[in-house]
Structure formats: structure tokens, C-alpha cells
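Now for the letters of each chain:
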Amino acid sequence: MAEIVSMQTAAELVQAGEVIAYPTEAVFGLGCDPQNEAAVMRLLAIKQRPVEKGLILIAADYSQLLPYIDDAAIPLERRAEIFSSWPGHISWVLPASAKAPTWITGQHSSIAVRVSTHPVVRALCHTLAMPLVSTSANRAGEPALIDSAELLRQLGGDIAALVAGDLGGAAQPSQIRDAISGQVLRS
């Protein structure tokens, strides 16, 4: 059964290929090393989510996302809007780089990314020196979890740990917008 752990312990678990839960701006998230295919597949199995849908990457700063996105393909007219929204509670669907793993992009040629405002997420990504996979901590079709005790009751047998920390106070998960069209995909 998973326990609540420190940031350092959580970082070590991610580096060891484990799936962890952590607080975000609005809900608890599930995360792992985006380069570790086995960890991502374990996360998808916990979530009961098909790989084809793709996943969000969450980071402490834009530079951590550069290996996964095609920066040159971001339209000039969208760049100010995207970069001024970060750190923030908006995830953007950006063109994926050729190096972005298909277990992250799914069936898409794009990738959803966010530079988080949450201090736990930012510190964890800084400690790891990389982004994390980020998806809400719940099984597909179930409500996102906002209570740590309920998270541990439902998912504690499937995850390695829950990072200590409080939710950020946002009323709902991040808005998702398309960087090419500007269209809101999830409000």
C-alpha cells in the first residue's frame, strides 16, 4: 500500500520507474518518467486508459519540454499567448518532436504540455530535471480525486507513493487549448 512521501523519495521512485501520485492545481495527478515506456504502460493500466489517447507532460519550465515538442512549428502568432499563460493552469497541444515517444503522443502528431504553477510539481520536476507524465488520478470514467485519503484507498495498491502536499485550489483540471488553432479542447 502506497504511503505519503517526501519530494526526494518521490523523485527516487520516479527515477526507479515507479508511478506516483502528486497534488496539482486542482486534482491529484498520476505521473512517471515520460521516457520509461514500462512505467507509462503501468500508469495507463492503472488508469484503464488506451495509449492511443496520448498523455499530458507537466514541467517546471519550458526548457524541460523542448525534447518533446517541435518548437519551430509553433505559430509565431500563438507564441506570446502560450508563453504568457505559463506557468499557469493551461495545457497546450503543441506539435510533437520526432523524438517524442508514441507512448506519450498516442495516435497524435502533437503533444499536450503544461508549465505548472504548483510548487510541489515545480519542485519535483526541478529535482528530476525533466517533465512528468500528468493525468488525473482516477480510473477512466471515474471522478478525479481531490482527497488524499480517498486516493490512497482507491489507488494505493497500484501506485508507489503519494507526494506530500496540498492541492492548488483551482476549481477544475487545466484548460486544454490547441496551439495551432487556439481552440479550447477542454474548458
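To be clear, the structure that these remarks concern was listed above.
Residues numbered from 1 in each chain as written. Predicted model: local features only at pLDDT ≥ 70, side-chain atom pairs only at ≥ 80, totals over all residues. Heavy atoms only, no water.

### Brief notes about the nonpolar core
Most often, soluble globular proteins have nonpolar side chains that are buried together.
Point 1. One finds Trp86, Leu94, Ile111 and Leu151 to be the most contacted residues of the largest nonpolar core, which totals 40 residues.
Point 2. Put simply, the parts of the chain that give this core at least two residues each are β3 (28–31), α2 (37–47), β4 (56–59), β5 (90–95), α4 (102–105), β6 (110–115) and α6 (148–155).
Point 3. Considering each element in turn, this core owes the most residues, five residues, to α2.
Point 4. Those residues in contact with Trp86 that sit more than four places away from it in its chain are Tyr62, Leu65, Trp92, Leu94, Val113, Arg114 and Val115. (Core = buried A, V, L, I, M, F, W, Y, C linked by side-chain atoms within 4.5 Å. Buried < 20%, exposed > 50% of the residue type's maximum accessible area, 1.4 Å probe, protein only. Helix = DSSP H or I, 4+ residues; strand = E, 2+ residues; numbered from the N terminus. Contact = heavy atoms within 4.5 Å.)

### Observations concerning the sheet that holds β5
Point 1. Taken together, the ten strands give an open sheet; going across it, the order is β1-β8-β2-β3-β7-β4-β6-β5-β9-β10, and neighbouring strands pair in mixed fashion. Taken across any chain shown, the strands that pair with only one partner, and hence form the sheet edges, are β1 (3–5) and β10 (184–186). Direction aside, the axes of adjacent strands within the sheet are offset by 35 degrees on average.
Point 2. Looking at chain direction, β4 and strand β7 (residues 132–136) are connected through three bridges and run antiparallel. Directly across from Ile56, in β7, lies its bridge partner Ser134.
Point 3. Packed onto the sheet, helix α5 (residues 119–128) meets β2 (20–23), β4, β6, β7 and β8 (161–163) and runs at close to 135 degrees relative to β2. (Pairing = 2+ DSSP bridges. Axes fitted to C-alpha atoms, helices over the stretch in contact; angles between N-to-C directions.)

### Re the environment of Val93
Point 1. Looking at the element boundaries, Val93 is found in strand β5.
Point 2. For the pair Val93 and Ala112, spaced 19 residues apart in the sequence, the C-alpha separation amounts to 4.1 Å.
Point 3. Among all residues touching Val93, those that are not within four sequence positions of it are Ser110, Ile111, Ala112, Ile176, Arg177, Asp178, Ala179 and Leu185.

### Focus on the pairing of β6
Point 1. Burial within β6 is extensive, with five of its six residues counted as buried.
Point 2. Pairing of β4 with β6, which is carried by four bridges, proceeds in the parallel orientation. The partner of Leu57 across the bridge, within β6, is Val113.
Point 3. Here four bridges tie β5 to β6, and the two strands are oriented antiparallel to one another.

### Concerning the packing of helix α1 (residues 7–15) against α5
Point 1. Viewed as axis vectors pointing N to C, α1 and α5 meet at an angle of 55 degrees, and their least axial separation amounts to 10 Å. For the element pair α1 / α5, the angle class is oblique. Seen from above, α1 lies across α5 with right-handed handedness. Facing α1, whose interface residues are Met7, Gln8, Ala10, Ala11, Val14 and Gln15, α5 presents Val120, Ala123, Leu124, Thr127 and Leu128.
Point 2. Along the lines of polarity and charge, the residues of the contact of α1 with α5 split into eight nonpolar, three polar and no charged. (Parallel < 35°, antiparallel > 145°, perpendicular 65-115°, else oblique. Left-handed = near helix turned anticlockwise from the far one by under 90°. Nonpolar A, V, L, I, M, F, W, Y, C, P; charged D, E, K, R; others polar.)

By themselves these figures say nothing about function.
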